[in-house]
Amino acid sequence: MDKSMYDIVIVGMGPAGYTASIYASRYKLKNQVIGKLMGGLIGESHKVCNYPTEDEISGLELMMKMQQHAKNLGASELYEGIVDIQRRTDGTFCLTTEQGNKTYGRSVLLATGLKHRTLNVPGEQELRGRGVAYCATCDGFFYRNKTVAVIGGGDSALSAAVYLSEIAKKVYLIYRGEKLRGEPAWIDLLSGSEKVEILCNTNVTAIHGTNRVERIDLDQPYNGASSLNIDGIFIEIGAEPDRTLISSLGLETDSKGYVVVGPDQSTSLDGVYAAGDITTASNYFKQVITASSEGAIAAQSIFSYLSRQTGVRTSVETAKTIKVRV
Ligand code: NDP
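Residues numbered from 1 in each chain as written. Predicted model: local features only at pLDDT ≥ 70, side-chain atom pairs only at ≥ 80, totals over all residues. Heavy atoms only, no water.

(A) Molecular detail of the overall build of the protein. Along the backbone of the protein there are 8 helices and 17 strands. Taking 2.2 N^0.38 as the reference for a compact globule, 326 residues should give roughly 20 Å; the C-alpha atoms of the protein span a radius of gyration of 22 Å, in line with that estimate. For the protein, the C-alpha atoms occupy an extent of roughly 75 × 40 × 35 Å along the three principal directions. With 326 residues in all, the protein has 52% of them scored as buried. Total accessible area on the protein is roughly 15900 Å²; 49% of this is exposed by carbon and sulfur atoms. Put simply, the protein has 34 plus and 36 minus side-chain charges, and the middle of one group is 5 Å from the middle of the other. (Helix = DSSP H or I, 4+ residues; strand = E, 2+ residues; numbered from the N terminus. Rg over C-alpha atoms; globule rule 2.2 N^0.38 Å. Buried < 20%, exposed > 50% of the residue type's maximum accessible area, 1.4 Å probe, protein only. Areas by Shrake-Rupley, 256 points an atom, 1.4 Å probe, with all protein chains shown as cover. Lys, Arg positive; Asp, Glu negative; His and termini not counted. Charge placed at Lys NZ, Arg CZ, Asp CG, Glu CD.)

As structure tokens, this is what we get:
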């Protein structure tokens, strides 16, 4: 076999990607994990408290452990962004990186996760990196004893507000809905904090500042004023799939752009599997543990897929026919 050909090229360095690599290595499949940055969105999380065996761990530390585990088992890594994937006439895949390098796989696992949603209000793009931020763990440090706003009402916003309340002087949590809808444990922490003020039924309509963020406009007056003076704004309103690779492969998606997968994580294109936040699986419950389990299922399915191609019946397939749990 061509030595530069991987059994699986895994695109994405988050929980789905590294777990798939761990399982692939155990199946003796030659695998490569590719991405621009290790960790995925969870790598930005300051605290993960619901991953079994870890009472409390930073997202980055958890991901470093997964990465080390995958590397110990033989994963190869490439730190480059993939911009194009093409299926070749012989059924293998050619992946092209931003730098123009190429890598080849007998199968592809898409585990590219999600990208941050933006508010799309005036001033957001202009002041990005100068007070407009999308990751409290990465940028929170710069706001010691300052006043910040966090936008959103899901777990990302709530956990960011909790984290920032440990650093900043004042945190405004601004949510467009009636009632915050994250985990009750986060809501309890926020309600008990004197530094945090929660503004519901409120939208940010513009962000202002000369060189840095100075003020935001609100669509509902707060204390009689239609704007709020702040030093930074953390936009934590969720994330959505990046369509670049999905389009280049022509994969079927749902109406929101998530890749439609079967119970075995297969996509609409033979030889391409998807796992993690990018998929329609796990009842759309986007957690580290669900991403990891999708990665594990995908690796096993790819093992079966590649074995079918060579006409070898795998132990997993045999076990399925005699209803044994493996
Ligand atoms: P979610 O989609 O859960 O929440 C996004 C929030 O942003 C919602 O409150 C939404 O409002 C609001 N929003 C969306 N678009 C806009 C907009 N244009 N303007 C203003 N507000 C907007 O995303 P999260 O990133 O919070 O969570 C994603 C997944 O990750 C979830 O499954 C979550 O449980 C998980 N997660 C878990 C953590 C944990 O500690 N367990 C930590 C972080 C994430 P509305 O409610 O009105 O739709």
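(B) Examining the sheet that holds strand E14 (residues 225-229) more closely. Strand order in the open sheet formed by 3 strands is E12-E13-E14, with antiparallel pairing between adjacent strands. Each edge of the sheet is formed by a strand with only one pairing partner; in this case those strands are strand E12 (204-208) and E14. This sheet shows a mean twist of 30° between the axes of neighbouring strands, independent of strand direction. (Pairing = 2+ DSSP bridges. Axes fitted to C-alpha atoms, helices over the stretch in contact; angles between N-to-C directions.)

(C) Representation of the nonpolar core within the structure. Counting residues in each nonpolar core, the largest one holds 29 residues, and the members touching the most others are Ile8, Tyr18 and Leu109. Where this core is concerned, the elements lending two or more residues are strand E1 (5-11), helix H1 (15-26), helix H2 (59-72) and helix H7 (288-309). If you tally residues by element for this core, the top one is H7, at 7 residues. Tyr18 has contacts with Met13, Val33, Met38, Met63, Met66, Gln67, Ala70, Glu77 and Tyr79, leaving out every residue within four places of it along the chain. Listed in part, the 22 residues of the second largest apolar core include Ala161, Val162, Ile167 and Val196. (Core = buried A, V, L, I, M, F, W, Y, C linked by side-chain atoms within 4.5 Å. Contact = heavy atoms within 4.5 Å.)

(D) Structural view of the pattern of salt bridges. Going through the model one piece at a time under the given rule, you end up with 8 salt bridges. The partner of Asp270 in a salt bridge is Arg87, with the nearest N and O atoms 3.9 Å apart. Here Asp270 is found in the loop between helix H6 (243-249) and strand E17 (272-274), whereas its partner Arg87 is found in strand E4 (residues 82-87), with 183 residues between them in sequence. Residue classification places Arg87 among the partly exposed residues on the basis of a relative accessible area of 36%. Asp217 is the salt-bridge partner of Arg215, the closest N and O atoms lying 3.4 Å from each other. (Salt bridge = Lys/Arg side-chain N within 4 Å of Asp/Glu carboxyl O.)

(E) The arrangement of the site of the ligand in detail. Near the ligand, the surroundings consist of 17 residues, among which Asp155, Ser156, Tyr175, Arg176 and Arg181 are the closest. Note that a nitrogen atom of the ligand is positioned 3.1 Å from one of the side-chain N or O atoms of Asn50. Trp186 places a side-chain nitrogen or oxygen 3.1 Å from an oxygen atom of the ligand. Summarising the interface, the protein chains cover 76% of the accessible area of the ligand, which totals 910 Å² for the free molecule. When grouped by side-chain class, the residues that make up the shell around the ligand number 4 nonpolar, 7 polar and 6 charged. (Near = heavy atom within 4 Å. Polar contact = N/O pair within 3.5 Å; in protein donor to acceptor, adjacent residues only side chain to side chain. Nonpolar A, V, L, I, M, F, W, Y, C, P; charged D, E, K, R; others polar.)

(F) Looking closely at the sheet that holds strand E10 (residues 170-174). The strand order E8-E15-E9-E10-E11 describes an open sheet built from 5 strands, whose pairing is parallel. The open sheet has two edge strands, strand E8 (132-133) and strand E11 (196-199), and neither has a second partner. Two elements, strand E9 (residues 147-151) and E10, share 5 bridges in a ladder whose sense is parallel. Note on E10: the bridge partner recorded for Val148 is Val171.

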